[in-house]
Amino acid sequence: HGILHSFPTRRSSDLLRTTSIADEQFRPQWWHRIAGWYVAAVLVAAAGGFALWVGRDVARALEVTIAILVVTCPCALGLATPLAEELTHHRLRRAGVFVRKPSFLEKALAVRRILLDKTGTLTMGRLVLDEAGAAALASLGARDRAVLRHMTARSNHPVSVCVAVALGPVVDGEATFTGEDAEALREVAGQGLELCLDDGTWRLGRPAFAAGGDATARSEGVGGVTVFTRDGRTLATLAPAEEFKADAAGEIAALRSAGYELYLLSGDAQMKVDRAAAALGLPADRAEGDLDPEAKAARVRALDNHDTLMVGDGLNDSPSFAAAWCAATPAVDRPVLPGKADFFFLGDGIAAIGRSLWEARRLRRVVRDNLVIAIVYNVVAVACCAAGLVTPVAAAIFMPASSLAVVTLT
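This is a predicted model, so every value here is computed, not measured.

Let us now look at the pattern of salt bridges. Inspection of every chain in the model, using the stated rule, returns 17 salt bridges. For Glu86, the salt bridge is made with Arg93, and the minimal N-O distance between the two is 3.0 Å. Residue class for Glu86 comes out partly exposed when judged on its relative accessible area of 42%. Using a relative accessible area of 36% as the deciding quantity, one classes Arg93 as partly exposed. Where Asp117 meets Lys296, a salt bridge forms, and the shortest distance between an N and an O atom there is 3.1 Å. With Asp117 in the loop between β2 (113-116) and β3 (123-128) and Lys296 in helix α13 (residues 293-303), this pair connects stretches of sequence that are 179 residues apart. Under the relative-accessibility criterion, Lys296 is labelled buried at 1%. Residues joined in a network through salt bridges with shared partners are Arg143, Asp144, Asp199 and Arg230.

And the structure:
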């Protein structure tokens, strides 16, 4: 009876309706009722068996009653279902998914909407150049490459890091910069880098800034484009883009095919969010940018009908975690988010999202099958006992045999 209280099942309609409750209060009501019904059914069956035989043979009536009480022991469920839950946790851990809240495997069954942060969740947190940008760098002269390498190597800006990586290692004979030349690099906040040398002024940054007064270059400037110039003459036009996790597009497509509604919620500019949505195959009307932490949390609350999974990796996602039905994060190295998430996951992909939801459904199927098997077994066993076909000794054999069978199936 007591073991039944911990069984995992799909939440019923009258379970607690808020995510602010303590996690341990999420599950008990449904299984409390199952336990009560089970005990009542066993007692009624035992009483019925006794009443059926007491008029003919009191000793036989007692044997039938004892056989019913023995053969209906709930060990099959008491052993098999906790085992299924532990095996599910083990499978997830082997895949790099760590469930922090036991209630998640039940909450996951209600999830219909998946809300995704962009930067760090769907992206690798770094920029990359497309083929055109790489070709533009390859076409640079030796002097220009040396200057650009020096400029980007001394800057921590994501665009500089991206260009420095794309340039590759230093080649033999390439010029280096020391002394005053090395210290002549100037970073203009929000615009780019400038290096003034005896043979020219090099700039890397926004088109208008890099043009240095060239009206034509300014008019061609568009968002997301970085230009490398010498004395206002364009040497290379680069368009660094966010690098998405390798499986992001495929996993999003799979989740949508499975019937989930996916939303992209980000604090980045709407233009960047729209580009990300297009690259990942998400509808434009489900991609929202320019959201500060409070606005994002408000959007989560508006979307949540006790069916949302919020996935994010930044501290600015913390209010959204509190607003969502359940939450997950890949940010295992952060001090706060894993403690607020229902589960966290490792790796450079997002396959853990679909895997965790699938494993929750699989666990439900196993629990449901165990319950069906237990009901069928108990009905048949009680009927045989009531008919006088099963002695208490035989019941003592059938009961552990049924438990072993269900555990093996699990």
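Once that is clear, we can look at the nonpolar core. What tends to happen in soluble globular proteins is that the nonpolar side chains get buried as a cluster. Residues Ile114, Leu116, Leu264, Leu309, Ile353 and Leu357 are the most contacted members of the largest nonpolar core, which totals 39 residues. The biggest single contributor to this core is helix α16 (residues 351-386), with 6 residues. Among residues more than four places away in sequence, those in contact with Ile353 are Ile114, Leu116, Leu255, Leu309 and Val311. Within the second largest apolar cluster, 21 residues are counted, among which are Leu140, Leu197, Ala236 and Leu238.

Sheets are built from strands paired through backbone hydrogen bonds, the pairs being either parallel or antiparallel. Across the sheet, which stays open at both edges, the 7 strands sit in the order β1-β14-β13-β12-β2-β10-β11 with mixed pairing between neighbours. The open sheet has two edge strands with one neighbour each: β1 (97-99) and β11 (287-288). The pairing of β2 with strand β10 (residues 261-265) spans 4 bridges and is parallel. Following the sheet pairing, Ile114 is matched in β10 by Leu262.

Below, the discussion takes up a positive patch on the surface. Taken together, the side chains of Arg112, Arg362, Arg364 and Arg365 define a basic patch exposed on the protein surface. Within the secondary structure, Arg362 sits in helix α16.

With that settled, the discussion passes to the sheet that holds strand β5 (residues 192-197). Here we have 5 strands laid out as an open sheet, ordered β4-β5-β6-β7-β8, and antiparallel in their pairing. Both edges of this open sheet fall to β4 (185-188) and β8 (233-238), since each of them pairs with a single strand only. This sheet shows a mean twist of 15° between the axes of neighbouring strands, independent of strand direction. Looking at chain direction, β5 and strand β6 (residues 200-205) are connected through 6 bridges and run antiparallel. If you follow Glu194 over to β6, its bridge partner there is Arg203. Packed on one face of the sheet, helix α6 (residues 142-153) meets β4, β5, β6, β7 (226-230) and β8 and runs near 55° to β6.

So, on to the pairing of β4. Pairing of β4 with β5, which is carried by 4 bridges, proceeds in the antiparallel orientation. Bridge pairing in β5 places Val188 opposite Gly192. Hairpin connection between β4 and β5: a loop of 3 residues separates the two successive antiparallel strands, and Gly190 in this loop has a positive phi of roughly 75°.

Let us look at the confidence of the model for the protein. Atom-level detail of predicted coordinates should not be read off regions where pLDDT is low. A residue-level look at the protein finds 86% of positions with pLDDT of 70 or above and a mean pLDDT of 84. Least confident of the elements in the protein is helix α10 (residues 215-220), whose mean pLDDT is 38; most confident is β2, at 97. Counting interchain partners and residues more than four positions distant, the pLDDT-below-50 stretch residues 1-22 has 49 contacts. Low pLDDT, under 50, characterises residues 214-223; the predicted model gives this stretch 10 contacts beyond four residues in sequence or across chains.

Glancing now at the environment of Phe104. Note on placement: Phe104 falls in helix α4 (residues 104-107). On the basis of relative accessibility, which here comes to 0%, the residue Phe104 falls in the buried class. Along the sequence, Phe104 and Leu357 sit 253 residues apart, while their C-alpha atoms lie 9.4 Å from each other. For Phe104, the residues in contact, after removing those within four places along its chain, are Val99, Cys326, Asp342, Phe343, Ser356 and Leu357.

About the cut-offs
Residues numbered from 1 in each chain as written. Predicted model: local features only at pLDDT ≥ 70, side-chain atom pairs only at ≥ 80, totals over all residues. Heavy atoms only, no water. Salt bridge = Lys/Arg side-chain N within 4 Å of Asp/Glu carboxyl O. Buried < 20%, exposed > 50% of the residue type's maximum accessible area, 1.4 Å probe, protein only. Helix = DSSP H or I, 4+ residues; strand = E, 2+ residues; numbered from the N terminus. Core = buried A, V, L, I, M, F, W, Y, C linked by side-chain atoms within 4.5 Å. Contact = heavy atoms within 4.5 Å. Pairing = 2+ DSSP bridges. Patch = residues over 30% accessible without salt bridge, like charges linked within 9 Å, V, L, I, M, F, W, Y side chains within 5 Å. Areas by Shrake-Rupley, 256 points an atom, 1.4 Å probe, with all protein chains shown as cover. Lys, Arg positive; Asp, Glu negative; His and termini not counted. Charge placed at Lys NZ, Arg CZ, Asp CG, Glu CD. Axes fitted to C-alpha atoms, helices over the stretch in contact; angles between N-to-C directions. pLDDT = per-residue confidence, 0-100.

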